Amino acid sequence: MVNDFAIAGVIFEGDDGFILGQFSGDDEIADDIFAARGDLFSVPAKNGPTRNLTQSPGTHDREPAWSPDGRQIAFSMEDYVAKTSSVCIKMRRDDQRVCLDNGGRRSYLPIWSPDGKWLAVSDHPPEGPRGIFLVSVERGERRRLTSNTAGLDYSPAFSPDGRHLAYVSCPGMVSSCDVYLLELASDLVPRARPRRVT
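The residue count restarts for each chain, going from 1 along the sequence in the order it is written. Where totals are concerned, whole chains, interfaces and linings use all residues; where local detail is concerned, this predicted model gives features only for residues with pLDDT of at least 70, and gives and counts side-chain atom pairs only at 80 or more. With hydrogens and water stripped out, all remaining heavy atoms of the structure feed into the side-chain values.

Participant: For this particular structure, what's the right way to read the state of the cysteines?
Facilitator: Think of a disulfide as a covalent bridge from one cysteine sulfur atom to another cysteine sulfur atom. Working definition: a disulfide is two cysteine sulfur atoms within 2.5 Å of each other. Taken as a whole, this structure holds 1 disulfide when the rule is applied. Shown here is the disulfide that connects Cys170 with Cys177, its sulfur atoms set 1.9 Å apart. Linking Cys170 and Cys177, the disulfide has an S-S dihedral of approximately 100 degrees and is accordingly described as right-handed. A simple rule labels every residue: compare its accessible area, found with a 1.4 Å probe on the protein chains alone, to the largest value its type can have, and call it buried under 20%, exposed over 50%, or partly exposed in between. Residue classification places Cys170 among the buried positions, given a relative accessible area of 0%.

This is the structure:
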């Protein structure tokens, strides 16, 4: 089952700390994208300059994820002054970003559904349990997929056909986590309770 889930992120540890990156899914637009020093950077796979894609003083942009067509980037934006965390979407060649309304939540670790219409995010609502939520890219609608009343659910990953979602669930301390698998219907509504696989 593990082979059904693409692991696209790459982490390097250097003098500046951790750098998280992901590769574009489009062979014609084969850039790598990395988060470093609070911004997102695009690095051509073959030739060309590194570009700062976000240039956002005052916020910390991280956890980039290419859309399935390689034309948009979803990422987490942490504003330490306002003490908020949002999921934003940026077009590949555009300086504008759209941040999805999070209603005071802390949303992070976005991952695209295979059809590019939804983002699965780890979410910490101001009230209620933490969990994995789906967020509509077009409408901003939120739909809860998991609930963790005592701990944390994070690192969602869709199967290529979008019919399963794997994620990490920690009942309390992060050191005692397991991977769970959630079966989804074609409209991404859960079909059964999550099943522990580790």
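Still more ground to cover, so stick around.
Participant: Mind showing me how you'd approach the pairing of strand β7 (residues 72-79) here?
Facilitator: Taken residue by residue, a regular strand's side chains alternate between the two faces of the sheet. Helix numbering and strand numbering both begin at the N terminus, where a helix is a DSSP run of H or I of at least 4 residues and a strand a DSSP run of E of at least 2. With 8 of its 8 residues buried, β7 lies for the most part within the structure. Neither face of β7 is left uncovered, since the one carrying Gln72, Ala74, Ser76 and Glu78 and the one carrying Ile73, Phe75, Met77 and Asp79 both have all their residues buried. Pairing between strand β6 (residues 60-66) and β7: 5 bridges, direction antiparallel. Looking at β7, one finds that Arg62 is bridged to Ser76. Paired strands, in this sense, are two strands between which DSSP finds at least two bridges. Count of turn residues in the β6/β7 antiparallel hairpin: 5 residues, of which Gly70 carries a positive phi of about 75 degrees. Connecting β7 to the next strand, strand β8 (residues 84-91), in antiparallel fashion are 4 residues, including Lys83 with a positive phi near 55 degrees.

Participant: Help me understand the packing of aromatic side chains in this model?
Facilitator: In this description, a pair of aromatic rings is defined by centroid distance and the angle of the planes. Note on ring pairs: Phe, Tyr and Trp rings are taken, using the six-membered ring of Trp, and paired if centres are within 6.5 Å. Classes follow the plane angle, with under 30 degrees stacked, over 60 edge-to-face and the rest tilted. According to the stated counting rule, one finds 1 aromatic pair in the structure shown. Ring centres 5.9 Å apart and planes at 20 degrees place the aromatic pair Tyr167 and Tyr180 in the stacked group. Note that Tyr167 is positioned in strand β15 (residues 164-170) and Tyr180 in strand β16 (residues 178-183), a separation of 13 residues in sequence.

Participant: I tried to follow the sheet that holds β15 on my own but got confused; where do I start?
Facilitator: Backbone hydrogen bonds are what pair the strands of a sheet, in a parallel or an antiparallel way. Spatially, 4 strands are ordered β14-β15-β16-β17 in an open sheet, and the strand pairing comes out antiparallel. With one partner strand each, in any of the chains shown, β14 (152-158) and β17 (195-196) form the two edges of the open sheet. As defined by bridge partners, β16 adjoins β17 across 2 bridges and the pair is classed as antiparallel. If you follow Leu181 over to β17, its bridge partner there is Arg195.

Participant: Would you mind showing me how to read the nonpolar core here?
Facilitator: For soluble globular proteins, nonpolar side chains are generally found buried alongside one another. For our purposes a nonpolar core is just a set of buried Ala, Val, Leu, Ile, Met, Phe, Trp, Tyr and Cys residues, chained together by side-chain atoms within 4.5 Å. Residues Trp118, Ala120, Ile132, Leu134, Leu145, Phe158, Leu165, Tyr167, Leu182, Leu184 and Leu188 constitute the largest nonpolar core, which totals 11 residues. For this core, the secondary structure elements donating two or more residues are β11 (118-124), β12 (131-136) and β15. With near-sequence residues (within four places) excluded, Leu188 lies in contact with Ser113, Trp118, Leu134, Arg143, Leu145, Phe158 and Gly162. Within the second largest apolar cluster, 10 residues are counted, among which are Ala65, Ala74, Leu100 and Leu119. Throughout, a contact is declared for two residues whenever any of their heavy atoms are within 4.5 Å.

Participant: I'm lost on the pattern of salt bridges in this one. Help?
Facilitator: Close approach of charged atoms allows side chains with opposite charge to pair. One speaks of a salt bridge when a side-chain nitrogen belonging to Lys or Arg is within 4 Å of a carboxyl oxygen belonging to Asp or Glu. This structure, assessed with the given rule, holds 6 salt bridges. Between Glu78 and Arg62 there is a salt bridge whose closest N-O contact spans 2.9 Å. Residue Glu78 is located in strand β7, and its partner Arg62 is located in strand β6; the two are separated by 16 residues in the primary sequence. Between Arg142 and Asp123 there is a salt bridge; the shortest N-O distance is 2.6 Å. Of the two residues, Arg142 sits in strand β13 (residues 142-144) while Asp123 sits in strand β11, which places them 19 residues apart along the sequence. Connected via shared salt-bridge partners are Arg62, Glu63 and Glu78.

Participant: Would you mind showing me how to read unusual backbone geometry here?
Facilitator: Generally, phi is negative for residues other than glycine and the peptide bonds are trans, each holding for most cases. One non-glycine residue, Glu63, adopts positive backbone phi at about 55 degrees. The topology assignment puts Glu63 in strand β6. You can call Glu63 buried: its relative accessible area is 13%. Despite not being glycine, Ser155 shows a phi value in the positive range, around 55 degrees. Judged by its relative accessible area of 33%, Ser155 is partly exposed.

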